[in-house]
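# Geometric and topological summary
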Amino acid sequence: MEFSGFTKRWYCFWIVWGIALAGGLPAWGAALDGQAVSLIPYPSSLQMKEGVFPLARLTTVSFPKRWEVAGRVFMKDLSDREALKVVPARKHTALTVREKRLSRPEAYRLEIFPDRIVVETADDRGLHHALATLQQLILGAEGGNLPLLRIEDHPRYKHRGLMLDCSRHFWKISELKSTIDQMAFFKLNAIHLHLTDNQAWRLGMERYPQLARKGTFYADFPELSGNYYTPQELKDLVAYAAERGVEIIPEVDLPGHSLALLAGMPSLSCRGGEFEAYPEEEEYGKRKRVGENMLCIGNPALLSFVEELVDALCDIFPSPYIHLGGDEVSTSIWETCPKCMALYRANHWNDLHEIQDYFTRAVSRVVRSKGKTMMGWDEINERGAASPRDVLTIWRNDGAGQRQKALERNIPVVMCPKDPCYFDFGYARNPTRKLYAWDPIDDQVPVGKRSLVLGGQACLWTEFVTTQADVERMFYPRLCALAEVLWSEPDKRDWNDFKERLRAFYPVMRRLGIHYYEGDTLSDGWFEAEREHPALKCPAQVRTNIRAIRNYDPEYAFDGREDTFFASSFATGSGDYFEVELERPLRTDSVRVVCDDSKEFLDAAELQVSEDGHSFKKIADFDQTGASASFEAVELKAIRIVITGKNFRRLVIREIRLNGN
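This text gives an overview of the structure that appears in the document. (Residues numbered from 1 in each chain as written. Predicted model: local features only at pLDDT ≥ 70, side-chain atom pairs only at ≥ 80, totals over all residues. Heavy atoms only, no water.)

## Side note on the sheet that holds strand E13 (residues 321–325)
Reading around the barrel, the eight strands line up as E10-E11-E12-E13-E14-E15-E16-E17 and close back on themselves, with parallel pairing between neighbours. Neighbouring strand axes in the sheet, compared pairwise and without regard to direction, differ in orientation by 30° on average. Strand direction decides the pairing type here: strand E16 (residues 413–415) and strand E17 (residues 453–460), joined by three bridges, are parallel. Its bridge partner being in E17, valine 413 is matched across the sheet by valine 453. Set on the sheet, helix H11 (residues 354–369) makes contact with strand E12 (247–254), E13 and strand E14 (373–377); between it and E14 the angle comes to about 145°. (Pairing = 2+ DSSP bridges. Helix = DSSP H or I, 4+ residues; strand = E, 2+ residues; numbered from the N terminus. Axes fitted to C-alpha atoms, helices over the stretch in contact; angles between N-to-C directions. Contact = heavy atoms within 4.5 Å.)

## Notes on the packing of helix H4 (residues 173–185) against helix H15 (residues 468–475)
As a packed pair, H4 and H15 sit with axes 11 Å apart at the nearest point and diverge in direction by 25°. In terms of axis orientation, H4 runs roughly parallel to H15. Read as a crossing pair, H4 and H15 show a hand that is right-handed. Counted together, Glu175, Ser178, Thr179 and Gln182 of H4 and Gln468, Glu472 and Phe475 of H15 form the full contact between these two elements. The residue makeup of the contact of H4 with H15, split by class, is one nonpolar, four polar and two charged. (Parallel < 35°, antiparallel > 145°, perpendicular 65-115°, else oblique. Left-handed = near helix turned anticlockwise from the far one by under 90°. Nonpolar A, V, L, I, M, F, W, Y, C, P; charged D, E, K, R; others polar.)

## Observations concerning the side chain of threonine 196
For threonine 196, the position within the fold is in the loop between strand E11 (190–194) and helix H5 (209–215). Within the local environment of threonine 196, its side chain forms a polar contact with the backbone nitrogen of aspartate 253, the two atoms lying 3.0 Å apart. Setting aside residues no more than four positions away along its own chain, threonine 196 makes contact with Ser167, Trp201, Arg202, Glu251, Val252 and Asp253. (Polar contact = N/O pair within 3.5 Å; in protein donor to acceptor, adjacent residues only side chain to side chain.)

## Concerning the side chain of glutamate 606
Positionally, glutamate 606 belongs in strand E21 (residues 605–610). Looking at glutamate 606, the relative accessible area reads 18%, which means it is buried. Among the polar contacts made by the side chain of glutamate 606, one reaches the side chain of glutamine 608 at a distance of 2.7 Å. Excluding its chain neighbours within four sequence positions, the residues that come into contact with glutamate 606 are Lys618, Ala620, Asp621, Phe622, Arg640, Ile641, Val642 and Thr644. (Buried < 20%, exposed > 50% of the residue type's maximum accessible area, 1.4 Å probe, protein only.)

Here it is in structure tokens:
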């Protein structure tokens, strides 16, 4: 029998419930007043009472008429089982859902009595959150009983989400549904789908079928070609998400990152000719015209196309937001384009970037004319082109400067700074602890401007993420920390308490089929490269031809600490190397290289050593954890990492360790 991700989740839920009823499920979670309760995110208010509610009594449930469909969908796998029956709201039931006015959006009240469970909420999302809380409680039930309690709960931020890159690698509808299921379980409510980029145009459009067809065609990789979403598939996904309290925000990235668009509509380019999208698997040297991924702003046909594009997005996505990108836009092509330069001179501009600003204002008007709000990456406000009628997703650096600039102009923001919210970085750079210590609002945000901070989201770019299991490992457990940060007030959050609740959730995530990264140590600190300076643990020269991410210098790989690290900007390949030459030979009988085993490690590389600094010999191959070797003690002069093939990921070296040093 084949189940959707949602049905699998509930199927596992009722297996676990059956174990609980048989008295076979151990207690787990943080103890309150002697009873085990573990919830993520933690509720706004939780009051424990004496006594228990036996799960064996949970046999009937009733919903108000407006929520009967939502209730049946949420309990889809249960409605055919005799153990739980949905009955009319007028009858007495073990679980009763009532419509009741509450003070905040998405709020709910959940009360467990000795003989019944009552949920009260005013809106659909409040209902989903209440039932998610109940599910977590049942999964943590001790001895087949629920503790008696009263929860009054509401989220702190309006926007609690994640961005998933569907362009670099394609995610099936079933995989997106699994992600949505997991989001609902942790009370996240917005998924931002990055549908287009240089690598692929995943948005099927009835008027322009060649866009998806040519924008997902790779001559050298036929097995990766032809993957895109039809309008009907996306509409079905939108409905699926809405039934679970999750909003889908579409993104089409313009006017840069548009190579796949130009593959289907080369007439929108500055220079014409043929363009090709490329998969990340394509060798860089074989990618064509990668520096020409800008649209021709001087072409009047461009805004006509944008209007048709926005119409197509409005037809599919009911979200009030349409994200139109705007990041990392170069002016180099426009400088040589007669149409763009004619527009530039006609408007007497002084900065070539004002060409993009013109486009930003124009497409924002198009989106507003359709009754929607444009979202864009923070670059669109670099020179004030964004307005308070737009929303910015703040991503660069730690986001503080871009946030300040936006708030000064009363522009709403969603915070997703790459430190710590970029989940395409491994756990070495953005560990769970770093997420939990972060907040979209800090002391730099004036009280009068805080309402403009709508919330935050994780961002997962998928250049080097190829499977759904990889997606989940990058999300979890970090997304649990982000979910609590975006839901709970700062004074309700405690790292040590969260850490224990998170560890208690690991077996639950396994039962629900969520792949999570098991190697995060959940330590109290994290490495902030921009605030430290590398100091070698002994006199040596560190040499490499691998480009480092700014501040994550090569010397961090040989400073005696595994909490610091060297990080590469790009994936590594044949011919790359990393070498440490000691000023004086060191007698040693073992060498160990520690990488980031969550994501940024070596598949094709070997570890070599030298006694004279000139002649090297191989002592080990690399795997996910790094490389190590033991041998009869010798005087070593140098250690070298030699890349022997393409590695489909960036590289992090936490530490090179020598016995005796």
